[in-house]
Amino acid sequence: MSEDTFTWHSEAGVPRPAKLRDVDDTLKADAAFRLASEGNALVWRSDYHNARQLLSAMARRADRKRRREAPASLLEAFHLHRKQQAERARILGRVLIPIEGDHRIALPRAPDVREALAEAWGPAEGRPALVALRELLGLIGAHEWRRKGVEIQALGARIHPHYGVFSPVRGEYIDLIAKAPLPSTQLAFDIGTGTGVIAAVLARRGVQRVIATDVDERALACARENIERLGLASQVELLRADLFPSGRASLVVCNPPWLPGRASSPIERALYDEDSRMLKGFLAGVGEHLDSDGQAWLVMSDFAQLLGLRAPGELEAWIANAGLSVIARDTVRPRHPKASDRDDPLHAARSKEVTSLWRLAPHSK
């Protein structure tokens, strides 16, 4: 397959491969790992399930290559972990699957991925494509999440995340928003709505009007579908905006990415907030969008502080410098499996992590 005959898809932002090599079932895992490590993109031409087995075998080899000595600090452990994960992703991302122009995979025992690809890429354009098997598996998994949904106890219903939109699997922060006393039920802003889950919770709690913003069109489409499915379209307005809509509200809620740092791919932007841009922007601007008796609710984990990515007291200083006072701070411990996984390289921080709902108001109140 020459470079000009296929469309290249990479949600992770990986450049179009320069060296393509057709491979099949005769390729052993050691040879595949070596070729991929040398920068070769391996275009699979045999049984689909055998490609998955090859990828798993290559993953085991990548994991064995990881440095085992203990880092000097949690911050060093974090940076080492990211570096190793990036290298692992680069190597495993070089096993490619050919996609037909109608979004079919013409390999033996391949699943029907046409619906999943249409959701992620849009309608088939009639041109063959290549995609990393690792990314394809994530895309298929995201399609299943979208189909089944994520149970949200506070809603008594499911939220259906779209591909590329951060899934609300960490429900503890939603529980905090569901229980905190509302300053008013007239108008609320949900900044960076994502799947729309916070806007939906506020609407279900009786907020008469919620304006939910996001800069990502995928997120807005996802939120719109969820809001309509839940029967809340008359209460929730969706708006494309970088942070705030115009006007003031009695409540402004934001759940920004929790880790300061540069996202290594577009899909990581839900996790990493470079230079804490969104967090600082929210704190600096929220006072201008609050009613005289309004509150700003900020959802944050202290994971960044535990890792050494944010200094102790730094967040509190930003809050004070923005002219805001802390009315209350509601906290909860995470319930996700990694919090208790002692084999996780960042377990020392995860085991102590606390998620907080900071309830803030202007100093003048």
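Computed from a prediction, not measured in an experiment: that's the story for all the values here.

Chemist: Would you mind going over the overall build of the protein with me for this structure?
Modeler: In terms of regular secondary structure, the protein is built from 12 helices and 16 strands. Relative to the globule expectation of 21 Å for 365 residues, the C-alpha radius of gyration of the protein, 23 Å, shows essentially globular dimensions. Along the longest, intermediate and shortest principal axes, the C-alpha atoms of the protein span 70 × 50 × 35 Å. Looking at the 365 residues of the protein, the share that counts as buried comes to 50%. Within the protein, contacts between residues separated by at least 24 positions form 68% of all contacts whose residues are at least 6 apart in sequence. Separation between the mean location of the 52 positive side-chain charges and that of the 47 negative ones in the protein comes to 4 Å.

Chemist: Is there a simple way to think about the environment of alanine 203 in this case?
Modeler: Mapping alanine 203 onto the fold places it in helix α7 (residues 197–204). Sequence separation between alanine 203 and glutamine 186 is 17 residues; the distance between their C-alpha atoms is 10 Å.

Chemist: I keep staring at the pairing of strand β9 (residues 209–214) and nothing clicks. Help me out?
Modeler: Regular strands have side chains that alternate between both faces of the sheet. Burial analysis of β9 places five of its six residues in the buried class, which makes it a mostly covered element. Inspection of the sheet shows strand β8 (residues 187–191) paired to β9 by five bridges, in the parallel sense. Pairing of leucine 187 across the sheet is with arginine 209, part of β9. Bridging between β9 and strand β10 (residues 236–240) involves five bridges; their strand directions are parallel. Paired with alanine 212 across the two strands is leucine 238, which belongs to β10. Handedness of the crossover joining β9 and β10 through helix α8 (residues 217–229) is recorded here as right-handed.

Chemist: What am I meant to see in the packing of aromatic side chains here?
Modeler: A ring pair, where both rings are aromatic, is described by two values, the distance of the centres and the angle of the planes. Counted by the stated rule, this structure contains two aromatic pairs. On the basis of an interplanar angle of 85 degrees and a centroid distance of 6.4 Å, the ring pair of tyrosine 173 and tryptophan 258 is categorised as edge-to-face. Taken together, the residues tyrosine 173 in helix α6 (residues 172–179) and tryptophan 258 in the loop between β11 (249–254) and β12 (259–260) connect sequence positions 85 residues apart. On the accessibility criterion, tyrosine 173 (6% relative accessible area) is buried.

Chemist: Just to check I follow, could you spell out the nonpolar core for this structure?
Modeler: Of all hydrophobic cores here, the largest spans 58 residues; its most connected members are Ile177, Phe282 and Leu283. When near neighbours in sequence (up to four residues on either side) are disregarded, phenylalanine 282 contacts Ile191, Leu243, Phe244, Val252, Val253, Cys254, Ala296, Trp297 and Leu298. One finds Tyr48, Leu55, Ile91 and Leu136 within the second-largest nonpolar core, a separate group that totals 36 residues.

Chemist: When you look at the side chain of serine 184 in this model, what are you seeing that I'm missing?
Modeler: By the secondary structure assignment, serine 184 is in the loop between α6 and β8. A distance of 3.1 Å separates a polar atom in the side chain of serine 184 from the backbone nitrogen of glutamine 186. Residues in contact with serine 184, not counting those within four places in the same chain, are Val207 and Ser250.

Chemist: Help me out: how do you make sense of the sheet that holds strand β15 (residues 324–332) in this one?
Modeler: Pairing between the strands of a sheet is mediated by backbone hydrogen bonds and can be parallel or antiparallel. Here seven strands make up an open sheet; going across it, the order is β10-β9-β8-β11-β14-β16-β15 and the pairing mixed. The open sheet has two edge strands with one neighbour each: β10 and β15. Here the average twist between neighbouring strands, direction ignored, is 20 degrees. Sheet strands in contact with α7 are β8, β9, β10 and β11, and its direction is about 175 degrees off that of β9. Across the sheet, helix α9 (residues 277–286) lies against β8, β11, β14 (290–301), β15 and β16 (355–362), angled at about 165 degrees from β14, the strand it touches most.

Chemist: Honestly, the packing of α9 against helix α11 (residues 314–321) in this entry has me stumped. Any pointers?
Modeler: The relative placement of two packed helices comes down to the angle between their axes together with the axis-to-axis distance. Put simply, α9 and α11 touch, their axes get as near as 8 Å, and they point 35 degrees apart. Along the contact surface, α9 presents Leu279, Lys280 and Leu283, while α11 presents Leu315, Trp318 and Ile319. For the contact of α9 with α11, the per-class residue count stands at five nonpolar, no polar and one charged.

Chemist: Any chance you could explain the state of the cysteines here in plain terms?
Modeler: What we call a disulfide is simply a covalent bond connecting the sulfur atoms of a pair of cysteines. If you walk through the whole model with that rule in mind, you get zero disulfides. The closest cysteine sulfur to the non-disulfide-bonded cysteine 222 is located on cysteine 254, 17 Å from its own sulfur.

Chemist: Sorry, what's going on with the environment of threonine 5 here?
Modeler: Position of threonine 5 among the secondary structure elements: in the segment before β1 (7–9). Threonine 5 gets classed as partly exposed once you look at its relative accessible area, which sits at 36%. When the C-alpha positions of threonine 5 and glycine 294 are compared, they lie 57 Å apart, and in sequence the two are 289 residues distant.

Chemist: Whenever I open this one, empty space enclosed by the protein confuses me. Can you help?
Modeler: Any empty space left between atoms is shown by rolling a water-sized probe over those atoms. Counted according to the given criterion, the structure contains one cavity of 30 Å³ or more. There is about 40 Å³ of room inside the largest cavity. Lining the largest cavity, in full, are Ala116, Glu119, Ala120, Leu139, Ala142, His143, Arg146, His162 and Tyr163. Elements represented by at least two residues in the lining of the largest cavity include exactly α4 (114–121) and α5 (133–148). Of the residues assigned to the lining of the largest cavity, the class counts are five nonpolar, two polar and two charged.

The rules behind each value
- Residues numbered from 1 in each chain as written.
- Predicted model: local features only at pLDDT ≥ 70, side-chain atom pairs only at ≥ 80, totals over all residues.
- Heavy atoms only, no water.
- Helix = DSSP H or I, 4+ residues; strand = E, 2+ residues; numbered from the N terminus.
- Rg over C-alpha atoms; globule rule 2.2 N^0.38 Å.
- Buried < 20%, exposed > 50% of the residue type's maximum accessible area, 1.4 Å probe, protein only.
- Contact = heavy atoms within 4.5 Å.
- Lys, Arg positive; Asp, Glu negative; His and termini not counted.
- Charge placed at Lys NZ, Arg CZ, Asp CG, Glu CD.
- Pairing = 2+ DSSP bridges.
- Right-handed = clockwise from strand over helix to strand, strands pointing away.
- Phe/Tyr/Trp six-rings, centres within 6.5 Å; stacked < 30°, edge-to-face > 60°.
- Core = buried A, V, L, I, M, F, W, Y, C linked by side-chain atoms within 4.5 Å.
- Polar contact = N/O pair within 3.5 Å; in protein donor to acceptor, adjacent residues only side chain to side chain.
- Axes fitted to C-alpha atoms, helices over the stretch in contact; angles between N-to-C directions.
- Nonpolar A, V, L, I, M, F, W, Y, C, P; charged D, E, K, R; others polar.
- Disulfide = S-S within 2.5 Å.
- 1 Å grid on protein atoms, 1.4 Å probe; cavity = no way out; pocket = protein on both sides within 12 Å on 5 of 7 lines; lining within 4 Å.
- Points joined across faces, edges and corners; volume = space filled by probe spheres on them.

Just distances and angles here, no functional claims.
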